[in-house]
Amino acid sequence: MTLVDDDQATQLRQTRTKSVVIIGGGFAGTVLAQQLEKKLPLDWEIYLLSQSNYLTFNPLLPEVIGASLLPGHVLAPIRQMVKRTRIRMVCVDNIDFADKIIYYHNDEAGQLHYDHIVFAAGVRANTSIIPGMDEYALPLKTVGDALFIRNQVIEKLEHATIHPDPERRKSLTNFIIVGGGFSGVEVAGELDDFLASAQRYYKNVRREDCKLILLHSGDRLLPELSASLGIKTGKIFSKRGIEVRLNTRVVRVDNETVILDSGEELPGSIIICTIGTTSNEFILASDLPQERGKITVDADMSVPGMDGVWALGDCARVPNGSQNQDKQPLSPPTAQFADRQGKFLARNIALNIAGKQTRAFHYKPIGMLASIGHNKAVAEIYGIPLSGFVAWLIWRAIYLAKMPTLPRKIRLFLEWSWAMFFPPDIAHLGFERTDKTK
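Below you will find a few notes about this structure. (Residues numbered from 1 in each chain as written. Predicted model: local features only at pLDDT ≥ 70, side-chain atom pairs only at ≥ 80, totals over all residues. Heavy atoms only, no water.)

**Notes on the packing of aromatic side chains**
Thought 1: Evaluated as defined, the whole model comprises 10 aromatic pairs.
Thought 2: Taking the centre distance of 6.2 Å and the plane angle of 45° together, the rings of Trp395 and Trp416 count as tilted. Here the residue Trp395 occupies a position in helix α11 (residues 389–402), and Trp416 occupies one in helix α12 (residues 406–421), the gap between them amounting to 21 residues.
Thought 3: Residue classification places Trp395 among the buried positions, given a relative accessible area of 1%.
Thought 4: You can call Trp416 buried: its relative accessible area is 4%.
Thought 5: Between Trp418 and Phe422, the aromatic rings sit 4.3 Å apart at their centres with planes inclined by 25°, giving stacked as the arrangement.
Thought 6: Judged by relative accessible area, which is 52%, Trp418 ranks as exposed. (Phe/Tyr/Trp six-rings, centres within 6.5 Å; stacked < 30°, edge-to-face > 60°. Helix = DSSP H or I, 4+ residues; strand = E, 2+ residues; numbered from the N terminus. Buried < 20%, exposed > 50% of the residue type's maximum accessible area, 1.4 Å probe, protein only.)

**Points about the sheet that holds strand β12 (residues 174–178)**
Thought 1: Spatially, the five strands line up as an open sheet ordered β11-β18-β12-β13-β14, and their pairing is parallel. The open sheet has two free edges, formed respectively by β11 (138–139) and β14 (243–245), since each of these has just one partner strand.
Thought 2: Relative to strand β18 (residues 270–273), β12 is paired through four bridges, and the arrangement is parallel. What sits directly across from Phe175, in β18, is Ile270. (Pairing = 2+ DSSP bridges.)

**A look at the packing of helix α5 (residues 143–162) against helix α7 (residues 182–198)**
Thought 1: Interhelical geometry of α5 versus α7 gives an angle of 35° and a closest axis separation of 12 Å. Seen along the crossing, α5 lies across α7 with a hand that is right-handed. Contacts from Val153, Ile154 and Leu157 of α5 reach α7 at Leu191, Phe194 and Leu195.
Thought 2: For the contact of α5 with α7, the per-class residue count stands at six nonpolar, no polar and no charged. (Axes fitted to C-alpha atoms, helices over the stretch in contact; angles between N-to-C directions. Left-handed = near helix turned anticlockwise from the far one by under 90°. Contact = heavy atoms within 4.5 Å. Nonpolar A, V, L, I, M, F, W, Y, C, P; charged D, E, K, R; others polar.)

**Examining the environment of Cys210**
Thought 1: Within the element layout of this structure, Cys210 appears in the loop between α7 and β13 (211–215).
Thought 2: In sequence terms Cys210 and Gly241 are 31 residues apart; their C-alpha atoms lie 9.5 Å from each other.
Thought 3: Every residue in contact with Cys210, bar those within four places of it in the chain, is listed here: Thr173, Leu195 and Val205.

**A few points about the environment of Pro407**
Thought 1: Its place among the elements puts Pro407 in helix α12.
Thought 2: Using a relative accessible area of 55% as the deciding quantity, one classes Pro407 as exposed.
Thought 3: Counting along the chain gives 189 residues from Pro407 to Gly218, while the straight-line C-alpha distance between them is 41 Å.

**A look at the layout of surface pockets**
Thought 1: When its volume is computed, the second largest pocket comes out at roughly 310 Å³.
Thought 2: Listed by contribution, the elements that provide at least two residues to the lining of the second largest pocket are α7, β24 (367–373), α11 and α12.
Thought 3: Per-class residue counts for the lining of the second largest pocket are 10 nonpolar, seven polar and four charged. (1 Å grid on protein atoms, 1.4 Å probe; cavity = no way out; pocket = protein on both sides within 12 Å on 5 of 7 lines; lining within 4 Å. Points joined across faces, edges and corners; volume = space filled by probe spheres on them.)

**Topic: unusual backbone geometry**
Where the residue is not glycine, phi is negative for most of them; where a peptide bond is considered, it is trans in most cases.
Thought 1: With phi around 50°, Leu222 is a residue other than glycine that occupies positive phi space.
Thought 2: Under the relative-accessibility criterion, Leu222 is labelled buried at 0%.
Thought 3: Although it is not a glycine, Met301 adopts a positive phi angle of roughly 75°.
Thought 4: Structurally, Met301 can be placed in the loop between β21 (294–296) and β22 (309–311).

**A word on the packing of α11 against α12**
Thought 1: With their axes 9 Å apart at the nearest point, α11 and α12 run at an angle of 155° to one another. When the axes of α11 and α12 are compared, the pair comes out roughly antiparallel. Between α11 and α12 the crossing geometry is right-handed. Contacts between α11 and α12 pair Trp392, Trp395, Arg396, Tyr399, Leu400, Ala401 and Lys402 from the former with Lys409, Leu412, Phe413, Trp416 and Met420 from the latter.
Thought 2: For the contact of α11 with α12, the residue count by class is nine nonpolar, no polar and three charged. (Parallel < 35°, antiparallel > 145°, perpendicular 65-115°, else oblique.)

Dropping the structure here:
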């Protein structure tokens, strides 16, 4: 890495164009870039640095596992969502806050100067929170994770249908999901639907031998929603044959086994982890003020004591309110809040550049929704609880509206419509390249 001396840094700052650099291409970072394009003067440049050139609709990942959607349908290319913003698909290595320089690499090392820097890097899966989970559990944070889980489920069904031992066939179709929040519940619902539809193609696999176990440390599922909806979801799952274990903590994961705090050992050929997150390594290693692995910010999403540094989204502890920061609740890590934070921060950065007073972030959410399979969902819209088919239609309508560009909306709508009337795709999607040595 080549560093510049003080004279060179001063000269570069005097000659370069002013810029805002966003690190992270998730909901928060992409919405922020879109809004800055409307609010910043034309002589300001906007950069977005991301390891991938697409935005992932994470709430739709369970549908990739259940083969309700193709992997490409939960992605949106960022370049099709912005106009002025310059995209750089790179990995950030280090940041010199004193000279305002970002060091990154792709095929080669590079650097970029900034006047304002925004951290919107999100979080990554942290499977190290439970011993053995790194080695034996499957996380769900990326499209690759979802596709890998789907392939693993299909592999187990393929192995079970030809295995001579009936007991081993049963154990191969035991699946365990750790975590009863949004992701865990939606994975359970989608996976149950997939097994119900796909089982008929596997002659030696009986539906009653396909077992789903959902483990949750709380006293009800979906703690983000009202108690009544969480309890109702648990009852619906139990009626469908999904085993729900509440007030249950996993203390260790071994090969095809989960050990509970009670000492009980649960067998499962696939263990899916939907709990545990941590910030990206370059954030953890930086001088940014942090608490519990997330960047500490003031109410306007500026990083205290650091000029021109901001943070939002899942990687930041963003207060939701405008009075005493110590008493403000933190914004939850949802796409709805990331979207609103992106819009709000764009206004604050524009105000800061204009020399005006920034404002404290505040937002009252419209509601929360979770798909639970069988064309059903549970929801809370403006405090009104909803469930069933109507809630499911609202859930789909919201994500269809969020999908950028008309062609991608049409593709998603057609794929969802197809999945309502036809069985899921049970093809094992391998991506091995041709071995040129043979």
